[in-house]
Amino acid sequence: MLRLYDTRSRRLETVVPAGARAIRVYTCGPTVYRFAHVGNLRSYLLPDLIRRSLDRHRVRPVVCQNITDVGHLVDDEEIDPSGEDKVLQQARREGRSALELARYYEDAFRRDTAALNIRAPEHTPRATETIDLMVELIAKLIEKGHAYAVDDGSVFFDARSFPTYGEISGNRLDALKPGHRVEGVDPRKRFHADWALWKGSDRDMTWETPWGRGFPGWHIECSAMSLRFLGEHIDVHTGGKDLRFPHHEDERAQSNSAVGHDVVKHWVHGEHVLFDGRKMAKSTGNVVLLSDVEAAGLDPLAVRLALMEHRYRQQMNLTWDTLRAADRTLRRWRQRVAEWAESPSAPISAGHAERAQTAFDDDLDTPTALRVVRELERDDAVAPGSRFETFLHLDNVLGLDLSADIGRPPAAPVLPAGAAELLQARGQARDARDWAASDRLRDELAELGVKVVDTPDGQTWS
Ligand code: AMP
Ligand code: ZN
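Note that this is a predicted model, so its numbers are computed, not measured.

A.B. asks: Honestly, the site of ligand 1 in this entry has me stumped. Any pointers?
C.D. replies: The local shell around ligand 1 holds 14 residues, among which Gly 39, Asn 40, Asp 242, Val 273 and Met 280 are the closest. A distance of 3.0 Å is found between a nitrogen atom of ligand 1 and a backbone nitrogen or oxygen belonging to Gly 39. If ligand 1 stood free it would expose 480 Å²; the protein chains cover 93% of that surface. With four residues, helix H1 (residues 38-56) is the largest single contributor of residues to the shell around ligand 1.

A.B. asks: Help me out: how do you make sense of the packing of helix H11 (residues 366-378) against helix H12 (residues 384-398) in this one?
C.D. replies: To characterise two packed helices, one gives the angle between the axes of the helices and the distance between these axes. Following both chains from N to C, one finds H11 and H12 inclined at 165°, their axes separated by 11 Å at the closest point. As summarised for this structure, H11 and H12 are arranged roughly antiparallel, according to the angle between their axes. Considering only the axes of H11 and H12, their crossing is left-handed. Touching Leu 370, Val 373, Leu 376, Glu 377 and Arg 378 of H11 are Arg 387, Thr 390, Phe 391, Leu 394 and Leu 398, all from H12. Its residues assigned to classes, the contact of H11 with H12 comprises six nonpolar, one polar and three charged.

A.B. asks: Explain helix H10 (residues 350-361) to me, please; I cannot follow it from the model alone.
C.D. replies: Quick reminder: α-helices carry 3.6 residues per turn. Residues three or four places apart thus point the same way. Over its twelve residues, H10 runs 16 Å from end to end, which matches the ideal 16 Å to within 8%, given 1.5 Å per residue. Listed in full, the buried residues belonging to H10 are His 352, Ala 353, Ala 356, Gln 357, Ala 359, Phe 360 and Asp 361. Turning to H10, the residues buried within the fold contact strand S1 (3-6), H1, H11 and H12. Two residues or fewer past H10, Asp 363 is found with a positive phi of approximately 55°.

A.B. asks: Which parts of the structure should I look at to understand the coordination of the zinc ion (ligand 2)?
C.D. replies: Put simply, a metal with four donors set out as a tetrahedron has ideal angles of 109.5 degrees, and one with six donors set out as an octahedron has ideal angles of 90 or 180 degrees. Surrounding the zinc ion (ligand 2) are the protein donor atoms Cys 28 (SG), Cys 222 (SG) and His 247 (NE2), which sit 2.0 to 2.2 Å from the metal. All donors of the zinc ion (ligand 2) come from a single chain, and their spacing in sequence reads C-x193-C-x24-H. Here Cys 28 is found in the loop between strand S3 (22-27) and H1, whereas its partner Cys 222 is found in helix H5 (residues 218-230), with 194 residues between them in sequence. A single burial state applies to Cys 28 and to Cys 222, both of which are buried.

A.B. asks: Even after reading the chapter, I still don't get the pattern of salt bridges, so can you show me in this structure?
C.D. replies: Any two side chains of opposite charge can pair if their charged atoms end up close together. Enumeration over the complete set of coordinates arrives at 43 salt bridges. When the shortest N-O distance is used, the salt bridge between Asp 262 and Arg 8 registers 3.4 Å. Of the two residues, Asp 262 sits in the loop between helix H6 (244-259) and strand S10 (264-270) while Arg 8 sits in the loop between S1 and strand S2 (11-14), which places them 254 residues apart along the sequence. Lys 241 is paired through a salt bridge with Glu 271; the nearest N and O atoms lie 3.1 Å apart. With Lys 241 in the loop between strand S9 (234-240) and H6 and Glu 271 in the loop between S10 and strand S11 (273-275), this pair connects stretches of sequence that are 30 residues apart. Residue Lys 241 is classed as partly exposed on the basis of its relative accessible area of 26%. By relative accessible area, Glu 271 is classed as buried at 16%. Put simply, Asp 69, Arg 103, Glu 106, Arg 110, Arg 126 and Glu 129 are held in one network by salt bridges that share partners.

A.B. asks: Whenever I open this one, the packing of aromatic side chains confuses me. Can you help?
C.D. replies: Working definition: an aromatic ring pair is given by the centre-to-centre distance plus the angle between the planes. For the structure on display, the rule yields eleven aromatic pairs. Between the aromatic rings of Trp 198 and Trp 211, the centroid separation amounts to 6.4 Å while the plane-to-plane angle is 55°, which identifies the pairing as tilted. Of this pair, Trp 198 sits in strand S7 (residues 195-200) while Trp 211 sits in the loop between S7 and strand S8 (214-216), and the two are 13 residues apart along the sequence. Plain terms: the ring middles of Trp 340 and Phe 391 are 5.0 Å apart, the flat faces sit at 75° to each other, and that makes the pair edge-to-face. Here Trp 340, found in helix H9 (residues 320-340), pairs with Phe 391, found in helix H12; they are 51 residues apart in sequence, far enough to count as distant. By relative accessible area, Phe 391 is classed as buried at 2%. Taken together through their ring pairs, the aromatic side chains of Phe 35, Tyr 104 and Tyr 105 make up a single cluster.

A.B. asks: Help me understand helix H8 (residues 300-308), please; the structure alone is not making it clear to me.
C.D. replies: Burial analysis of H8 places nine of its nine residues in the buried class, the great majority of the element. When we look at burial in H8, the residues that qualify are Pro 300, Leu 301, Ala 302, Val 303, Arg 304, Leu 305, Ala 306, Leu 307 and Met 308. Where H8 starts, the residue carrying a side-chain oxygen 2.8 Å from the main-chain nitrogen of Leu 301 turns out to be Asp 299.

A.B. asks: What should I look at first to understand the sheet that holds strand S12 (residues 278-279) in this one?
C.D. replies: Picture the strands of a sheet paired through backbone hydrogen bonds; they go either parallel or antiparallel. As summarised here, the arrangement of the three strands in space is S12-S11-S13, forming an open sheet in which the pairing is mixed. Where the open sheet ends on each side, the last strands, each with one partner, are S12 and strand S13 (316-318). Bridge analysis of S11 against S12 gives two bridges, and the strand direction is antiparallel. Bridge pairing links Leu 274 to Lys 279 in S12.

What counts, and at which threshold
Residues numbered from 1 in each chain as written. Chains lettered and ligands numbered in written order. Predicted model: local features only at pLDDT ≥ 70, side-chain atom pairs only at ≥ 80, totals over all residues. Heavy atoms only, no water. Near = heavy atom within 4 Å. Polar contact = N/O pair within 3.5 Å; in protein donor to acceptor, adjacent residues only side chain to side chain. Areas by Shrake-Rupley, 256 points an atom, 1.4 Å probe, with all protein chains shown as cover. Helix = DSSP H or I, 4+ residues; strand = E, 2+ residues; numbered from the N terminus. Axes fitted to C-alpha atoms, helices over the stretch in contact; angles between N-to-C directions. Parallel < 35°, antiparallel > 145°, perpendicular 65-115°, else oblique. Left-handed = near helix turned anticlockwise from the far one by under 90°. Contact = heavy atoms within 4.5 Å. Nonpolar A, V, L, I, M, F, W, Y, C, P; charged D, E, K, R; others polar. Expected span 1.5 Å × (residues − 1). Buried < 20%, exposed > 50% of the residue type's maximum accessible area, 1.4 Å probe, protein only. Donors = N, O, S within 2.8 Å, 3.2 Å for Na, K, Ca; no water. Salt bridge = Lys/Arg side-chain N within 4 Å of Asp/Glu carboxyl O. Phe/Tyr/Trp six-rings, centres within 6.5 Å; stacked < 30°, edge-to-face > 60°. Pairing = 2+ DSSP bridges.

Next comes the structure, spelled out in C-alpha cells:
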C-alpha cells in the first residue's frame, strides 16, 4: 500500500482506509483572487499523485478541495487575523465585483489544473455557498465551551481549550509570542493566540448570524467543509508546508473540538518551489504562470514532469532551462511511444512496472519512478511492443499523455529559440575554416538540444 510522510507523527505511515474501500483526502484549495503560479500548482499536484497511486490498489479516493472566495485576509499568515480580505481587495483593484472576480480566477484555476492532468476532486465547495455549515460549526464550538462571542459579533476560538495545539508544526501555545502589530493584541481576546472564527462586520460579502452580521475566518472554512463532505474520519489532509501553522493547527483544533476525537489521520505537506533560487511568490516577483510556460512554446505537462523530478517534500529549484529540458523529454517519450506502437504487441515489462509503482507507493518517490522510465526507454533488450505497453501502463500514474503522438505524422522538428542564429553562425565559421568557433557553436547547439552533423553537403541538424 501507499506510505506517506506524516508531518504530525514525523514518520512514514501506511495509508489504510478507515472504513469501506475508500480513502478520504482533504486538500486546501486556492484563494481565487489571482492566477495560481507553478509553485501553487505543485501543492495541488500532491493529492493527484496520491489519488493515482491509490487507484492502482483499487482503493477509491474521495477528494475534497475548497474554493476560498471569501474570508482569507491578507494577514492570515499571522495567528491574529485582521486586515483586508484578499478577494475584496483585488476586486477593488480590478474594478469588478468580488463574486465576478472569484469566479473568473476559479475558472482559470480549473483550466490550469486540468492542463496539468490533475483530476478534478469529487467535491469543490465554495466558501460563499457553505456559510450555513460554518455558522452551525461555530455554534457547536460555542456550546461546547471552545469558542466565545464578543460584543461586535465576532467569535473567537479559545486556543487554551485545546491542549494538543501545536502537534503538527511544533509551535506550542505557551511558547507563542503575541503578534507584532502596532495596535497590540485585540483586547476582546481572552488569550493572544485565540483566533477569529467569525468577524463581525457590515462590509461587502457579509452574512447574518445569531451573533450579528459578519464573515467567516479562513480556518473555519476548511473544518466545516471537510467535516460535511468527508465526515469525521479523514485519511489524509494535504497542503503546502506554509499551511502547517497557523492554518492547519487551527483547523485541527476546531474539527477535533467539535467532534471529540482526532479527525485527520495523516497530515501531509508539500515543499516549496524556488525559481532561480528564491521561493516563487508574488511578493518576490518571480512568479511563473502556466500561461507563461505555454507562451514560451512549452507543453504544460512539461511542468508536471519537471515537478515530478523531485519528491513532493523536497524543496526544488525550477529554471527555464529545467522546464525546456522537461519539454524535450516529454516530446521524445511521446515520439518513442508512437514509434513503438508500430511494433508487434508484447506483454508489459513486469519488472520495470513493478519498480516504478513501488517507488510511487514509497512516499511518492517520483524521481525514482522516472529513473525507471528512462532506463526502460534505453533498454533495447526489452521488445519495442513491451516498452510501448509499459509506458502506457505507467502513464496512469505519471499523467503525462504519453500516447499523444500515436498515429500522428511525425511533427516537423522545430528549432528551439536562438538555435537558427547559432546554426547560421556555425555555417559561416565553417566557410571561414574557423574550426574552433565551429566546435564551440556545435557545443552551444547541443546545450539547446540540437545535434549537428557535418555532411559533404554542409551541416544538418536533428
Ligand atoms: P496561496 O494562494 O498563497 O494561499 O497558496 C496556495 C497554495 O500554494 C498553498 O498550499 C501554499 O502552501 C502553496 N504555495 C505557495 N507558494 C508556493 C511555492 N513557492 N511552492 C510550492 N507551494 C506554494
Ligand atoms: Zn485549508
